[in-house]
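Observations on the model geometry
Here's the letter readout for the chains.
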Amino acid sequence: MGVAAQVLKAMESSSAIRKAFEDGLQLKKQYGEKNVYDFSLGNPDLEPPEEVENIIKKIASSGEKGAHAYMPNAGYMETRAAMAEKVSSEQGVKVGADGVVMAVGAAGALNVIFKAILEPGDEVIVPAPFFAEYTHYCANHGGKLVPVSTKDDFSLDLDAIAAALSTKTAAVLINSPNNPTGKIYSENDIKALAALLEEHAKKGRKPYIIADEPYRAITYGGKKVSALFPFYDAAIVASSFAKNLSLPGERIGYLAINPACPDKDELFAACVFATRVLGYVNAPAFFQKVVAQAWKVPVDYSSYSERRDALTGVLKKAGIEFAEPEGAFYLFCKVPARKTDGCTDENLFCDYLKEYRVLAVPGTGFGKKAWFRLAYCVSKDTITNSLDSFVQAAKNW
Ligand SMILES: Cc1ncc(COP(=O)(O)O)c(C=O)c1O
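The shown structure was predicted, so the numbers you read here are calculated from the model rather than taken from an experiment.

As for a nonpolar patch on the surface
A cluster of nonpolar side chains, namely Val3, Val7, Leu8 and Met11, defines an oily patch on the protein surface of about 350 Å² accessible area. Its place among the elements puts Leu8 in helix α1 (residues 5-13). Judged by relative accessible area, which is 45%, Leu8 ranks as partly exposed.

Points about the site of the ligand
Among the 14 residues in the neighbourhood of the ligand, the closest are listed as Asp212, Tyr215, Ser240, Lys243 and Arg251. In isolation the ligand exposes 390 Å². Once the protein is present, 91% of that is buried. Among the elements that make up the shell around the ligand, the one with the highest residue count is helix α5 (residues 105-117) (3 residues).

Thoughts on the sheet that holds strand β6 (residues 208-212)
Whenever strands of a sheet pair, they do so through backbone hydrogen bonds, lying parallel or antiparallel. A sheet is described by the order of its strands in space; here 7 strands give the open sequence β2-β8-β7-β6-β5-β3-β4, paired in mixed fashion. Every other strand in the sheet has two partners, leaving β2 (100-103) and β4 (144-148) as the edge strands with one partner each. Between one strand axis and the next, the sheet turns by 20 degrees as a mean value, whatever way the strands run. As paired strands, strand β5 (residues 169-175) and β6 are joined by 5 bridges and run parallel to one another. What sits directly across from Ile174, in β6, is Ala211. Of the strands in this sheet, β2, β3 (123-127), β5, β6, β7 (235-240) and β8 (253-257) touch α5, which is tilted by about 150 degrees from β7. Each of β2, β6, β7 and β8 is contacted by helix α9 (residues 264-277), which is oriented at about 20 degrees to β2, the strand it contacts most.

Points about the side chain of Glu346
In this fold, Glu346 is placed in helix α12 (residues 346-354). For the buried residue Glu346, which engages in no salt bridge, the nearest side chain bearing the opposite charge is Lys369, 5.6 Å off. Reaching out from Glu346, the side chain makes a polar contact with the side chain of Thr364 at a distance of 2.9 Å. When sequence neighbours within four positions are dropped, the list of residues in contact with Glu346 reads Val335, Pro362, Gly363, Thr364, Lys369, Ala370 and Trp371.

Comments concerning unusual backbone geometry
Backbone torsion omega between Ser176 and Pro177 reads -5 degrees, so that peptide bond is classified as cis. For the bond running from Asn179 to Pro180, omega is 25 degrees, close enough to zero to count as cis. Here Pro180 is to be found in the loop between β5 and α8 (187-201). A positive phi is found at Phe154, a non-glycine position, where the angle reads about 70 degrees. Locating Phe154 in the fold gives a position in the loop between β4 and α7 (158-164). We classify Phe154 as buried; its relative accessible area is 5%. Phi angles above zero are rare outside glycine, and Arg251 is one such case at about 55 degrees. The residue Arg251 is located in the loop between β7 and β8 in this model.

Here we look at the pattern of salt bridges
Inspection of every chain in the model, using the stated rule, returns 22 salt bridges. Here Glu324 makes a salt bridge to Arg308, at a shortest N to O gap of 3.9 Å. Here the residue Glu324 occupies a position in the loop between β9 (322-323) and β10 (330-334), and Arg308 occupies one in helix α11 (residues 302-318), the gap between them amounting to 16 residues. With relative accessibility at 46%, the residue Glu324 sits in the partly exposed group. The salt bridge involving Lys354 is made with Asp351; its shortest N-O contact spans 2.9 Å. Of the two residues, Lys354 and Asp351 are both situated in helix α12; the distance of 3 residues between them amounts to about one turn of the helix. Classification of Lys354 by relative accessible area gives buried; the value is 16%. One connected set of salt bridges, linked through shared partners, spans Lys86, Glu90, Glu213 and Arg216.

Here we look at the environment of Lys58
Relative to the assigned elements, Lys58 resides in helix α3 (residues 50-60). When the C-alpha positions of Lys58 and Gly108 are compared, they lie 27 Å apart, and in sequence the two are 50 residues distant. Within polar-contact distance, the side chain of Lys58 engages the side chain of Gln293 at 3.0 Å.

Describing the pairing of β8
The buried fraction of β8 amounts to 5 of the 5 residues, a majority that puts the element mostly inside the structure. Burial along β8 is two-sided: the face carrying Gly253, Leu255 and Ile257 and the face carrying Tyr254 and Ala256 are both buried. Two strands pair when backbone bridges link them, and β2 and β8 are joined in this way by 4 bridges, in the antiparallel orientation. The residue bridging Ala103 from the neighbouring strand is Gly253, located in β8.

Focus: the domain arrangement of the protein chain
Annotation of the protein chain at the domain level lists domain 1 (5-48 + 300-396) and domain 2 (70-294). The straight-line distance from the C-alpha centre of domain 1 to that of domain 2 is 27 Å. Counting from both sides, the interface comprises 28 residues of domain 1 and, opposite them, 27 residues of domain 2. Across the interface of domain 1 and domain 2, roughly 2200 Å² is buried in total on both sides, 62% from carbon and sulfur atoms. Looking at the side of domain 1 facing domain 2, the largest losses of area belong to Tyr301, Glu326 and Phe366, adding up to 32% of the total buried there. There are 2 salt bridges connecting domain 1 and domain 2.

Rules used throughout
- Residues numbered from 1 in each chain as written.
- Predicted model: local features only at pLDDT ≥ 70, side-chain atom pairs only at ≥ 80, totals over all residues.
- Heavy atoms only, no water.
- Patch = residues over 30% accessible without salt bridge, like charges linked within 9 Å, V, L, I, M, F, W, Y side chains within 5 Å.
- Areas by Shrake-Rupley, 256 points an atom, 1.4 Å probe, with all protein chains shown as cover.
- Salt bridge = Lys/Arg side-chain N within 4 Å of Asp/Glu carboxyl O.
- Helix = DSSP H or I, 4+ residues; strand = E, 2+ residues; numbered from the N terminus.
- Buried < 20%, exposed > 50% of the residue type's maximum accessible area, 1.4 Å probe, protein only.
- Near = heavy atom within 4 Å.
- Pairing = 2+ DSSP bridges.
- Axes fitted to C-alpha atoms, helices over the stretch in contact; angles between N-to-C directions.
- Contact = heavy atoms within 4.5 Å.
- Lys, Arg positive; Asp, Glu negative; His and termini not counted.
- Polar contact = N/O pair within 3.5 Å; in protein donor to acceptor, adjacent residues only side chain to side chain.
- Domains from an automatic or database assignment.
- Buried area = accessible area lost by both parts, 1.4 Å probe.

Next up, the structure:
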(Lines give C-alpha, C1' and ligand atoms only; values in the text may rest on other atoms or scores of the structure.)
Protein backbone atom coordinates (compact mmCIF):
# COMPACT_ATOMS: atom_id res chain seq x y z
CA MET A 1 0.00 0.00 0.00
CA GLY A 2 1.21 3.53 -0.58
CA VAL A 3 1.06 6.49 -2.90
CA ALA A 4 3.74 6.45 -5.62
CA ALA A 5 6.85 8.41 -4.64
CA GLN A 6 6.84 10.23 -7.99
CA VAL A 7 3.31 11.47 -7.34
CA LEU A 8 4.20 12.63 -3.85
CA LYS A 9 7.20 14.47 -5.29
CA ALA A 10 5.11 16.07 -8.05
CA MET A 11 2.46 17.12 -5.51
CA GLU A 12 5.09 18.69 -3.28
CA SER A 13 6.71 20.68 -6.09
CA SER A 14 3.46 21.98 -7.56
CA SER A 15 1.67 23.28 -4.54
CA ALA A 16 2.03 27.06 -5.13
CA ILE A 17 -1.47 27.83 -6.40
CA ARG A 18 -3.06 25.33 -3.99
CA LYS A 19 -1.10 26.86 -1.09
CA ALA A 20 -2.21 30.38 -2.03
CA PHE A 21 -5.77 29.11 -2.25
CA GLU A 22 -5.63 27.39 1.16
CA ASP A 23 -3.92 30.37 2.81
CA GLY A 24 -6.66 32.49 1.28
CA LEU A 25 -9.39 30.44 2.93
CA GLN A 26 -7.65 30.89 6.27
CA LEU A 27 -7.25 34.65 5.79
CA LYS A 28 -10.88 35.03 4.71
CA LYS A 29 -12.01 33.24 7.85
CA GLN A 30 -9.87 35.57 9.93
CA TYR A 31 -10.55 38.93 8.23
CA GLY A 32 -13.77 38.36 6.29
CA GLU A 33 -14.10 37.67 2.56
CA LYS A 34 -14.22 41.36 1.57
CA ASN A 35 -10.99 42.22 3.32
CA VAL A 36 -8.85 39.68 1.53
CA TYR A 37 -7.58 40.46 -1.99
CA ASP A 38 -7.41 37.06 -3.63
CA PHE A 39 -5.68 37.18 -7.02
CA SER A 40 -4.61 33.54 -6.95
CA LEU A 41 -7.04 31.69 -9.25
CA GLY A 42 -7.73 31.92 -12.98
CA ASN A 43 -11.38 31.04 -12.60
CA PRO A 44 -13.39 33.32 -14.96
CA ASP A 45 -15.92 35.22 -12.84
CA LEU A 46 -18.17 36.28 -15.76
CA GLU A 47 -21.30 34.19 -16.06
CA PRO A 48 -21.78 32.46 -19.43
CA PRO A 49 -23.62 34.78 -21.87
CA GLU A 50 -27.43 34.67 -21.68
CA GLU A 51 -27.62 33.23 -25.18
CA VAL A 52 -25.48 30.29 -24.04
CA GLU A 53 -27.73 29.77 -20.98
CA ASN A 54 -30.71 29.70 -23.36
CA ILE A 55 -29.05 27.12 -25.61
CA ILE A 56 -28.36 24.99 -22.51
CA LYS A 57 -32.04 25.19 -21.48
CA LYS A 58 -33.26 24.41 -24.99
CA ILE A 59 -31.07 21.31 -25.30
CA ALA A 60 -31.91 20.15 -21.77
CA SER A 61 -35.62 20.24 -22.54
CA SER A 62 -35.45 18.79 -26.06
CA GLY A 63 -36.33 15.27 -24.91
CA GLU A 64 -34.09 13.84 -27.62
CA LYS A 65 -33.79 10.04 -27.38
CA GLY A 66 -30.30 8.59 -26.94
CA ALA A 67 -28.85 11.91 -25.83
CA HIS A 68 -26.98 10.24 -22.98
CA ALA A 69 -25.62 7.28 -24.87
CA TYR A 70 -22.00 6.45 -25.73
CA MET A 71 -20.88 7.93 -29.01
CA PRO A 72 -17.84 7.63 -31.31
CA ASN A 73 -14.76 8.45 -29.21
CA ALA A 74 -13.92 11.52 -31.33
CA GLY A 75 -17.28 13.10 -30.46
CA TYR A 76 -20.53 13.95 -32.24
CA MET A 77 -20.05 14.61 -35.93
CA GLU A 78 -22.18 17.80 -35.83
CA THR A 79 -20.00 19.20 -33.01
CA ARG A 80 -16.76 18.28 -34.75
CA ALA A 81 -18.04 19.96 -37.92
CA ALA A 82 -18.82 23.11 -35.92
CA MET A 83 -15.35 23.09 -34.33
CA ALA A 84 -13.83 22.58 -37.77
CA GLU A 85 -15.66 25.71 -38.94
CA LYS A 86 -14.38 27.63 -35.89
CA VAL A 87 -10.77 26.54 -36.36
CA SER A 88 -10.96 27.20 -40.12
CA SER A 89 -11.99 30.79 -39.44
CA GLU A 90 -9.20 31.26 -36.88
CA GLN A 91 -6.48 29.57 -38.92
CA GLY A 92 -7.45 30.76 -42.39
CA VAL A 93 -7.09 27.16 -43.60
CA LYS A 94 -9.96 24.79 -44.36
CA VAL A 95 -10.08 22.26 -41.54
CA GLY A 96 -12.42 19.29 -41.79
CA ALA A 97 -14.35 17.49 -39.06
CA ASP A 98 -12.00 14.54 -39.77
CA GLY A 99 -9.21 16.52 -38.09
CA VAL A 100 -11.12 17.37 -34.91
CA VAL A 101 -11.37 15.35 -31.70
CA MET A 102 -13.59 16.62 -28.89
CA ALA A 103 -11.81 16.69 -25.53
CA VAL A 104 -12.31 17.07 -21.81
CA GLY A 105 -11.18 20.70 -21.75
CA ALA A 106 -7.91 22.00 -23.17
CA ALA A 107 -6.20 20.02 -20.40
CA GLY A 108 -7.76 16.80 -21.69
CA ALA A 109 -6.80 17.73 -25.26
CA LEU A 110 -3.15 18.22 -24.24
CA ASN A 111 -3.07 14.90 -22.39
CA VAL A 112 -4.54 13.16 -25.42
CA ILE A 113 -1.97 14.76 -27.73
CA PHE A 114 0.94 13.87 -25.44
CA LYS A 115 -0.32 10.31 -25.07
CA ALA A 116 -0.50 10.08 -28.86
CA ILE A 117 2.93 11.50 -29.70
CA LEU A 118 5.38 10.94 -26.82
CA GLU A 119 7.90 8.12 -26.69
CA PRO A 120 9.49 7.47 -23.28
CA GLY A 121 12.10 10.17 -22.60
CA ASP A 122 10.81 12.51 -25.33
CA GLU A 123 10.98 16.23 -24.72
CA VAL A 124 8.48 19.02 -25.17
CA ILE A 125 10.00 22.49 -25.40
CA VAL A 126 7.98 25.31 -23.86
CA PRO A 127 8.78 29.02 -23.67
CA ALA A 128 8.81 30.11 -20.02
CA PRO A 129 6.92 31.30 -18.12
CA PHE A 130 4.26 28.68 -18.80
CA PHE A 131 1.09 27.13 -17.33
CA ALA A 132 2.43 25.02 -14.47
CA GLU A 133 0.35 21.91 -15.23
CA TYR A 134 2.24 21.30 -18.49
CA THR A 135 5.04 19.63 -16.52
CA HIS A 136 2.63 17.02 -15.21
CA TYR A 137 0.76 16.55 -18.48
CA CYS A 138 4.08 15.64 -20.17
CA ALA A 139 5.22 13.43 -17.30
CA ASN A 140 1.85 11.60 -17.39
CA HIS A 141 2.92 10.19 -20.76
CA GLY A 142 6.62 9.56 -20.14
CA GLY A 143 7.75 12.90 -21.53
CA LYS A 144 9.81 15.72 -20.11
CA LEU A 145 8.93 19.38 -20.34
CA VAL A 146 11.94 21.51 -21.31
CA PRO A 147 11.38 25.18 -20.44
CA VAL A 148 13.37 27.73 -22.44
CA SER A 149 13.69 31.40 -21.67
CA THR A 150 11.79 34.10 -23.54
CA LYS A 151 13.02 37.63 -24.29
CA ASP A 152 12.65 40.46 -21.77
CA ASP A 153 9.21 41.32 -23.23
CA PHE A 154 8.22 37.60 -23.00
CA SER A 155 8.23 37.19 -26.79
CA LEU A 156 9.74 34.00 -28.26
CA ASP A 157 13.51 33.67 -28.05
CA LEU A 158 14.28 31.64 -31.16
CA ASP A 159 17.95 31.20 -30.19
CA ALA A 160 16.93 29.66 -26.87
CA ILE A 161 14.52 27.30 -28.65
CA ALA A 162 17.19 26.40 -31.24
CA ALA A 163 19.64 25.56 -28.46
CA ALA A 164 17.12 23.24 -26.80
CA LEU A 165 16.17 21.28 -29.94
CA SER A 166 17.44 17.72 -30.24
CA THR A 167 16.39 14.35 -31.60
CA LYS A 168 14.40 13.91 -28.40
CA THR A 169 12.21 16.93 -29.20
CA ALA A 170 8.72 15.67 -29.96
CA ALA A 171 7.01 19.07 -29.86
CA VAL A 172 7.22 22.75 -29.11
CA LEU A 173 4.26 23.87 -27.02
CA ILE A 174 3.15 27.48 -27.25
CA ASN A 175 0.40 29.27 -25.34
CA SER A 176 -0.83 32.59 -26.71
CA PRO A 177 -2.35 34.66 -25.14
CA ASN A 178 -0.09 33.38 -22.42
CA ASN A 179 -0.83 32.33 -18.89
CA PRO A 180 0.78 33.93 -16.86
CA THR A 181 2.12 36.90 -18.92
CA GLY A 182 -0.82 37.80 -21.20
CA LYS A 183 1.69 37.91 -24.08
CA ILE A 184 0.46 37.28 -27.64
CA TYR A 185 3.20 35.88 -29.88
CA SER A 186 3.44 37.88 -33.11
CA GLU A 187 2.83 36.36 -36.53
CA ASN A 188 6.49 37.03 -37.34
CA ASP A 189 7.58 35.04 -34.30
CA ILE A 190 5.29 32.15 -35.28
CA LYS A 191 6.71 32.19 -38.82
CA ALA A 192 10.26 32.30 -37.46
CA LEU A 193 9.53 29.37 -35.12
CA ALA A 194 8.11 27.42 -38.06
CA ALA A 195 11.20 28.16 -40.17
CA LEU A 196 13.49 27.11 -37.33
CA LEU A 197 11.70 23.77 -36.92
CA GLU A 198 11.68 23.13 -40.69
CA GLU A 199 15.44 23.63 -40.65
CA HIS A 200 15.82 21.35 -37.63
CA ALA A 201 13.65 18.70 -39.33
CA LYS A 202 16.27 18.35 -42.09
CA LYS A 203 18.46 16.63 -39.50
CA GLY A 204 15.87 13.91 -39.00
CA ARG A 205 12.97 14.34 -36.61
CA LYS A 206 10.28 16.95 -37.18
CA PRO A 207 8.70 18.26 -33.98
CA TYR A 208 5.03 19.15 -33.84
CA ILE A 209 3.98 22.64 -32.82
CA ILE A 210 1.13 22.45 -30.32
CA ALA A 211 -0.78 25.69 -29.79
CA ASP A 212 -2.66 25.71 -26.48
CA GLU A 213 -5.11 28.54 -26.93
CA PRO A 214 -8.03 28.61 -24.49
CA TYR A 215 -7.56 32.41 -24.24
CA ARG A 216 -7.56 33.09 -28.02
CA ALA A 217 -10.75 35.18 -27.87
CA ILE A 218 -9.78 37.30 -24.87
CA THR A 219 -7.52 40.02 -26.23
CA TYR A 220 -7.19 43.76 -25.68
CA GLY A 221 -6.99 46.75 -28.01
CA GLY A 222 -8.20 44.76 -31.01
CA LYS A 223 -5.11 42.50 -30.94
CA LYS A 224 -5.43 39.28 -32.95
CA VAL A 225 -3.82 35.94 -32.17
CA SER A 226 -1.78 34.73 -35.12
CA ALA A 227 -2.72 31.66 -37.11
CA LEU A 228 -0.29 28.75 -37.12
CA PHE A 229 -1.54 26.26 -39.71
CA PRO A 230 -0.60 28.31 -42.81
CA PHE A 231 3.02 28.44 -41.63
CA TYR A 232 3.70 24.94 -40.29
CA ASP A 233 2.18 21.65 -41.38
CA ALA A 234 2.85 19.47 -38.31
CA ALA A 235 0.65 21.65 -36.13
CA ILE A 236 -2.10 20.92 -33.62
CA VAL A 237 -4.41 23.32 -31.79
CA ALA A 238 -5.75 22.50 -28.32
CA SER A 239 -8.52 24.69 -26.96
CA SER A 240 -11.67 24.85 -24.88
CA PHE A 241 -14.67 26.92 -23.88
CA ALA A 242 -13.47 27.30 -20.28
CA LYS A 243 -12.38 30.92 -20.56
CA ASN A 244 -14.15 32.44 -23.57
CA LEU A 245 -17.64 31.18 -22.61
CA SER A 246 -16.91 30.89 -18.86
CA LEU A 247 -17.64 27.15 -18.81
CA PRO A 248 -14.52 25.77 -17.06
CA GLY A 249 -16.40 23.27 -14.90
CA GLU A 250 -18.15 21.70 -17.88
CA ARG A 251 -14.83 20.36 -19.19
CA ILE A 252 -15.48 20.88 -22.85
CA GLY A 253 -12.72 21.42 -25.39
CA TYR A 254 -11.23 20.01 -28.57
CA LEU A 255 -8.07 19.44 -30.54
CA ALA A 256 -7.68 20.15 -34.24
CA ILE A 257 -4.96 18.83 -36.53
CA ASN A 258 -3.64 20.82 -39.48
CA PRO A 259 -5.04 19.15 -42.64
CA ALA A 260 -1.55 19.55 -44.13
CA CYS A 261 0.08 17.54 -41.32
CA PRO A 262 2.08 14.73 -42.98
CA ASP A 263 0.77 12.04 -40.58
CA LYS A 264 -2.65 13.60 -40.11
CA ASP A 265 -4.70 10.40 -40.37
CA GLU A 266 -2.48 8.34 -38.09
CA LEU A 267 -2.27 11.20 -35.58
CA PHE A 268 -6.05 11.59 -35.61
CA ALA A 269 -6.53 7.85 -35.03
CA ALA A 270 -3.96 7.95 -32.19
CA CYS A 271 -5.78 10.88 -30.54
CA VAL A 272 -9.10 9.02 -30.78
CA PHE A 273 -7.46 5.94 -29.25
CA ALA A 274 -5.85 8.07 -26.50
CA THR A 275 -9.23 9.64 -25.69
CA ARG A 276 -10.58 6.14 -25.17
CA VAL A 277 -7.76 4.54 -23.19
CA LEU A 278 -7.14 7.54 -20.94
CA GLY A 279 -10.59 6.76 -19.67
CA TYR A 280 -12.23 9.91 -21.00
CA VAL A 281 -14.03 7.69 -23.58
CA ASN A 282 -15.49 10.86 -25.08
CA ALA A 283 -15.93 14.53 -24.16
CA PRO A 284 -19.12 15.30 -22.17
CA ALA A 285 -22.09 14.64 -24.43
CA PHE A 286 -24.39 17.41 -23.24
CA PHE A 287 -21.85 20.18 -23.61
CA GLN A 288 -20.76 18.90 -27.01
CA LYS A 289 -24.31 19.69 -28.08
CA VAL A 290 -24.13 23.08 -26.38
CA VAL A 291 -20.89 24.25 -27.97
CA ALA A 292 -21.95 23.04 -31.42
CA GLN A 293 -24.47 25.91 -31.24
CA ALA A 294 -22.83 28.29 -28.78
CA TRP A 295 -19.34 28.72 -30.24
CA LYS A 296 -20.44 31.70 -32.33
CA VAL A 297 -22.19 33.60 -29.53
CA PRO A 298 -20.63 37.05 -29.23
CA VAL A 299 -19.14 37.80 -25.81
CA ASP A 300 -18.32 41.15 -24.29
CA TYR A 301 -14.90 40.94 -22.62
CA SER A 302 -14.74 44.67 -21.84
CA SER A 303 -15.05 44.04 -18.11
CA TYR A 304 -11.75 42.14 -18.22
CA SER A 305 -10.04 45.06 -19.93
CA GLU A 306 -11.56 47.48 -17.39
CA ARG A 307 -10.22 45.34 -14.57
CA ARG A 308 -6.86 45.04 -16.28
CA ASP A 309 -6.70 48.84 -16.39
CA ALA A 310 -7.83 49.11 -12.75
CA LEU A 311 -5.19 46.66 -11.52
CA THR A 312 -2.38 48.13 -13.62
CA GLY A 313 -3.40 51.52 -12.13
CA VAL A 314 -3.07 50.09 -8.61
CA LEU A 315 0.34 48.58 -9.38
CA LYS A 316 1.61 51.80 -10.93
CA LYS A 317 0.64 53.69 -7.76
CA ALA A 318 2.45 51.05 -5.70
CA GLY A 319 5.50 51.27 -7.97
CA ILE A 320 5.36 47.57 -8.88
CA GLU A 321 6.53 46.77 -12.41
CA PHE A 322 4.52 44.41 -14.61
CA ALA A 323 4.26 43.14 -18.18
CA GLU A 324 1.34 44.84 -19.95
CA PRO A 325 -1.05 41.96 -20.82
CA GLU A 326 -2.27 41.77 -24.43
CA GLY A 327 -4.79 39.04 -23.66
CA ALA A 328 -6.11 36.54 -21.04
CA PHE A 329 -6.71 37.84 -17.50
CA TYR A 330 -3.38 37.66 -15.72
CA LEU A 331 -0.80 40.23 -14.75
CA PHE A 332 2.78 39.06 -14.41
CA CYS A 333 4.65 41.35 -12.04
CA LYS A 334 8.26 41.85 -11.04
CA VAL A 335 9.13 41.31 -7.40
CA PRO A 336 10.48 44.68 -6.25
CA ALA A 337 14.00 44.60 -4.82
CA ARG A 338 13.85 44.56 -1.02
CA LYS A 339 15.19 47.85 0.32
CA THR A 340 17.53 46.30 2.89
CA ASP A 341 19.27 43.71 0.73
CA GLY A 342 17.90 43.77 -2.82
CA CYS A 343 16.16 40.39 -2.32
CA THR A 344 13.69 39.51 -5.10
CA ASP A 345 12.67 36.06 -3.89
CA GLU A 346 9.15 35.49 -5.22
CA ASN A 347 8.16 32.98 -2.53
CA LEU A 348 9.21 35.30 0.27
CA PHE A 349 7.46 38.24 -1.39
CA CYS A 350 4.18 36.34 -1.91
CA ASP A 351 4.30 35.20 1.74
CA TYR A 352 4.95 38.79 2.76
CA LEU A 353 1.99 40.04 0.68
CA LYS A 354 -0.28 37.87 2.84
CA GLU A 355 0.52 40.18 5.76
CA TYR A 356 -1.34 42.77 3.67
CA ARG A 357 -4.11 40.25 2.89
CA VAL A 358 -3.06 39.99 -0.76
CA LEU A 359 -2.87 36.55 -2.38
CA ALA A 360 -0.57 36.13 -5.36
CA VAL A 361 1.17 33.15 -6.95
CA PRO A 362 4.99 33.02 -7.04
CA GLY A 363 6.54 32.88 -10.53
CA THR A 364 8.54 29.76 -9.68
CA GLY A 365 5.49 27.62 -10.44
CA PHE A 366 5.46 29.09 -13.96
CA GLY A 367 9.21 28.64 -14.42
CA LYS A 368 10.17 32.27 -13.73
CA LYS A 369 11.90 33.43 -10.60
CA ALA A 370 11.64 36.98 -9.22
CA TRP A 371 8.14 37.42 -10.66
CA PHE A 372 4.62 36.76 -9.39
CA ARG A 373 1.19 36.37 -10.97
CA LEU A 374 -2.05 38.17 -10.22
CA ALA A 375 -5.29 36.86 -11.77
CA TYR A 376 -7.68 39.77 -12.25
CA CYS A 377 -10.85 37.77 -12.90
CA VAL A 378 -12.05 39.14 -9.55
CA SER A 379 -14.51 41.89 -8.66
CA LYS A 380 -13.62 45.50 -9.44
CA ASP A 381 -14.06 46.23 -5.71
CA THR A 382 -11.40 43.67 -4.82
CA ILE A 383 -9.04 45.50 -7.16
CA THR A 384 -9.80 49.05 -6.02
CA ASN A 385 -9.85 48.10 -2.35
CA SER A 386 -6.45 46.42 -2.67
CA LEU A 387 -4.72 49.73 -3.46
CA ASP A 388 -3.70 50.55 0.08
CA SER A 389 -2.38 47.03 0.67
CA PHE A 390 -0.18 47.10 -2.45
CA VAL A 391 1.09 50.63 -1.72
CA GLN A 392 1.92 49.84 1.92
CA ALA A 393 3.40 46.44 1.08
CA ALA A 394 5.69 47.89 -1.58
CA LYS A 395 6.69 50.79 0.69
CA ASN A 396 7.58 48.57 3.66
CA TRP A 397 9.30 45.73 1.72
C1 LIG B 1 -2.76 27.97 -20.49
C2 LIG B 1 -3.80 27.03 -20.07
N3 LIG B 1 -3.96 25.89 -20.76
C4 LIG B 1 -4.91 24.99 -20.40
C5 LIG B 1 -5.74 25.22 -19.35
C6 LIG B 1 -6.78 24.19 -19.01
O7 LIG B 1 -7.98 24.59 -19.58
P8 LIG B 1 -9.30 23.69 -19.47
O9 LIG B 1 -10.02 24.12 -18.24
O10 LIG B 1 -10.04 23.97 -20.72
O11 LIG B 1 -8.85 22.28 -19.39
C12 LIG B 1 -5.61 26.40 -18.60
C13 LIG B 1 -6.47 26.64 -17.43
O14 LIG B 1 -6.31 27.55 -16.66
C15 LIG B 1 -4.62 27.32 -18.97
O16 LIG B 1 -4.44 28.47 -18.30
